[in-house]
Amino acid sequence: MDIDKLRGEIDKLDDELAALIQRRAGLAQNIGHLKGGAPAYRPERESEILRRIAATSGPLAAERLLTVFREIISACRALEQSIRVSYLGPEGTFSEQAVRKHFGRAVEGLASASVDEAFRSAESGTAQFTVVPVENSTEGVVGRTLDLLLATPLRICGEVELRVQQNLLCRSDDMGSIKKIYSHAQSLAQTHGWLSQHLPRAERVPVTSNADAARRAAEEAGAAAVAGEAAAERYGLKVLAKGIEDDPNNTTRFLVLGGLDPAPTGRDRTSLVMSAENKPGAVHALLTPLAKHRVSMTRIESRPSRARLWEYMFFIDVEGHQKDERVAAALAELKAPYLKILGSYPIASK
């Protein structure tokens, strides 16, 4: 077959795909009418769709295929309900990228000045959901997010894992002119080795977000920013060096919080926080029910309780949904002075 014939086949398939997507959109509209005002975003349903799609074989990598289907789901979901999602701004942050990766582009993103404000937007109903960073594979947990989880009425209903590529951005293409580097404290830590090797004399200035760093670099001669490519595009900066993070697998995990309680999917995670008495064996006693019922714990972090000196809250992630038999049995036996189930939700897809 020659190129023209192959292109003809592609044109035919494109027409069929467009018709099928329109048909899918019509079915989504009908479902929206039948729901009678129930939420359009159902994490467990979307997770099941994406897992099924990811299992198909062909020349396209699963990650790229999922990107296409996330946008189809997003556009169809928007026919049912308009959704607003708050995130740590300004525009161009990794948090905004996490929103787009999880919800697609057919949602309204609300940039917030801080993680606190992002929480408040969802708690007040200004946004239905918020997406906030909780931990980085290199630098560990985001303490402020954990602190806010203690008091918020919001529940974790999803998670996003975002591969984070840090870049050196500047107005000028002369790296030797850089005297100051702006970035979020975690991004400066993630690129410490590279910056020490290539720009050892430049002052490193932590700011509230990488997008804010890019904005400052765009306004100030002799300044640069460590940020993502989206920030470079938004603020008209040149990318002087790509992928300068010290760990090539640098990944940030984000939580999706709202008023939903997703149903079990078979590949879920449950997050909880609890306190322990200040006495020997207290933490061991807390974790014994998990071991007894063979519930795998994937993460444990401690934070000061702020109620009494040298007492701590323990944030724990376990495999499974709180409605799963073994997880439910373990949770029923947990005995802690303070216990809060933060949510059960589908494990992040790639």
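Along each chain, residue indices are assigned from 1 in the same order as the chain's sequence is written. With pLDDT at 70 or above as the cut-off, local features in this predicted model cover only qualifying residues; side-chain atom pairs require 80 or more to be listed or tallied, and sums for whole chains, interfaces and linings still use all residues. Processing note: side-chain calculations cover all non-hydrogen atoms of the structure and skip hydrogens and water entirely.

**Examining a nonpolar patch on the surface**
Thinking step 1. Residues qualify for a patch when their relative accessible area is over 30% and they have no salt bridge, like charges being joined within 9 Å and the nonpolar side chains of Val, Leu, Ile, Met, Phe, Trp and Tyr within 5 Å. Only the protein chains shown count as covering a residue, and every accessible area follows the Shrake-Rupley method with a 1.4 Å probe. The salt bridge criterion pairs a side-chain nitrogen of Lys or Arg with a carboxyl oxygen of Asp or Glu, the two atoms within 4 Å. A surface patch of nonpolar side chains, amounting to about 200 Å² of accessible area, comprises Val-283, Met-297 and Ile-300.
Thinking step 2. When you line up the elements, Met-297 lands in strand E13 (residues 297-304). Runs of H or I in DSSP of at least four residues are treated as helices and runs of E of at least two as strands, each being numbered from the N terminus.

**A look at the sheet that holds strand E10 (residues 238-241)**
Thinking step 1. For two strands to be treated as a pair, DSSP must find at least two bridges joining them. Within the open sheet, the 5 strands sit side by side as E8-E7-E9-E6-E10. Their pairing is mixed. The sheet terminates laterally at strand E8 (203-207) and E10, the two strands that pair on one side only. Taken over all neighbouring pairs, the strand axes of this sheet differ in orientation by 35 degrees on average, direction set aside.
Thinking step 2. With 3 bridges connecting them, strand E6 (residues 167-170) and E10 associate as antiparallel partners. Across the sheet, residue Cys-170 finds its bridge partner in E10, namely Lys-238.
Thinking step 3. Note on definitions: a residue-residue contact is assigned when non-hydrogen atoms from the two residues lie within 4.5 Å. Here the axes come from fitting lines to C-alpha atoms, over the contacting stretch only for helices, and the angles between their N-to-C directions go from 0 to 180 degrees. Against the sheet, helix H9 (residues 210-219) makes contact with strand E7 (180-184), E8 and strand E9 (223-227), and its axis sits at roughly 160 degrees relative to E9, the strand it touches most.

**Section: helix H5 (residues 115-124)**
Thinking step 1. Listed in full, the buried residues belonging to H5 are Val-115, Asp-116, Ala-118, Phe-119, Ser-121 and Ala-122.
Thinking step 2. Where H5 is buried, its residues contact strand E1 (84-88), strand E2 (108-112), strand E3 (129-136), helix H6 (143-151) and strand E11 (251-258).
Thinking step 3. Looking one or two residues beyond H5, the residue adopting positive phi is Gly-125, at roughly 95 degrees. Three exposure classes are used, based on accessible area relative to the maximum for each residue type with a 1.4 Å probe and protein chains only: buried under 20%, partly exposed in between, and exposed over 50%.

**A few points about the pattern of salt bridges**
Thinking step 1. A full pass over the atoms with the stated rule returns 22 salt bridges.
Thinking step 2. Glu-135 is the partner of Arg-253 in a salt bridge, and the nearest nitrogen-oxygen pair spans 3.0 Å. Of this pair, Arg-253 sits in strand E11 while Glu-135 sits in strand E3; the two residues are 118 residues apart in sequence, bridging distant segments of the chain.
Thinking step 3. The class of Glu-135 is buried, set by a relative accessible area of 19%.
Thinking step 4. A salt bridge links Asp-212 to Arg-215, with the nearest nitrogen and oxygen atoms 2.6 Å apart. Placement of both Asp-212 and Arg-215 in helix H9 is noted, with a separation of 3 residues, approximately one turn of the helix.
Thinking step 5. When salt bridges with common partners are traced through the structure, they connect Glu-135, Glu-159, Arg-253, Arg-269, Arg-299 and Asp-317 into a single cluster.

**Considering a negative patch on the surface**
Thinking step 1. We count Lys and Arg on the positive side and Asp and Glu on the negative side, and we leave His and both chain ends out. Charged groups are reduced to one reference atom each: NZ for lysine, CZ for arginine, CG for aspartic acid, CD for glutamic acid. There is a patch of like negative charges on the surface, built from Glu-9, Asp-11, Asp-14, Asp-15 and Glu-16.
Thinking step 2. Locating Glu-16 in the fold gives a position in helix H1 (residues 3-35).
Thinking step 3. By relative accessible area, which is 40% here, Glu-16 ends up partly exposed.

**A closer look at helix H12 (residues 325-333)**
Thinking step 1. Taken residue by residue, H12 has Val-327, Ala-330 and Leu-331 as its buried positions. Summarising the axial view, the buried residues of H12 lie within an arc of 100 degrees, below the 170-degree limit, and thus occupy one face. Those residues of H12 that are exposed and aimed more than 90 degrees away from the buried face are Glu-325 and Ala-332.
Thinking step 2. Against the buried residues of H12 lie strand E12 (268-275), helix H11 (282-292), strand E14 (312-319) and strand E15 (339-346). Here, the arc refers to the directions that run from the helix axis to the C-beta atoms.

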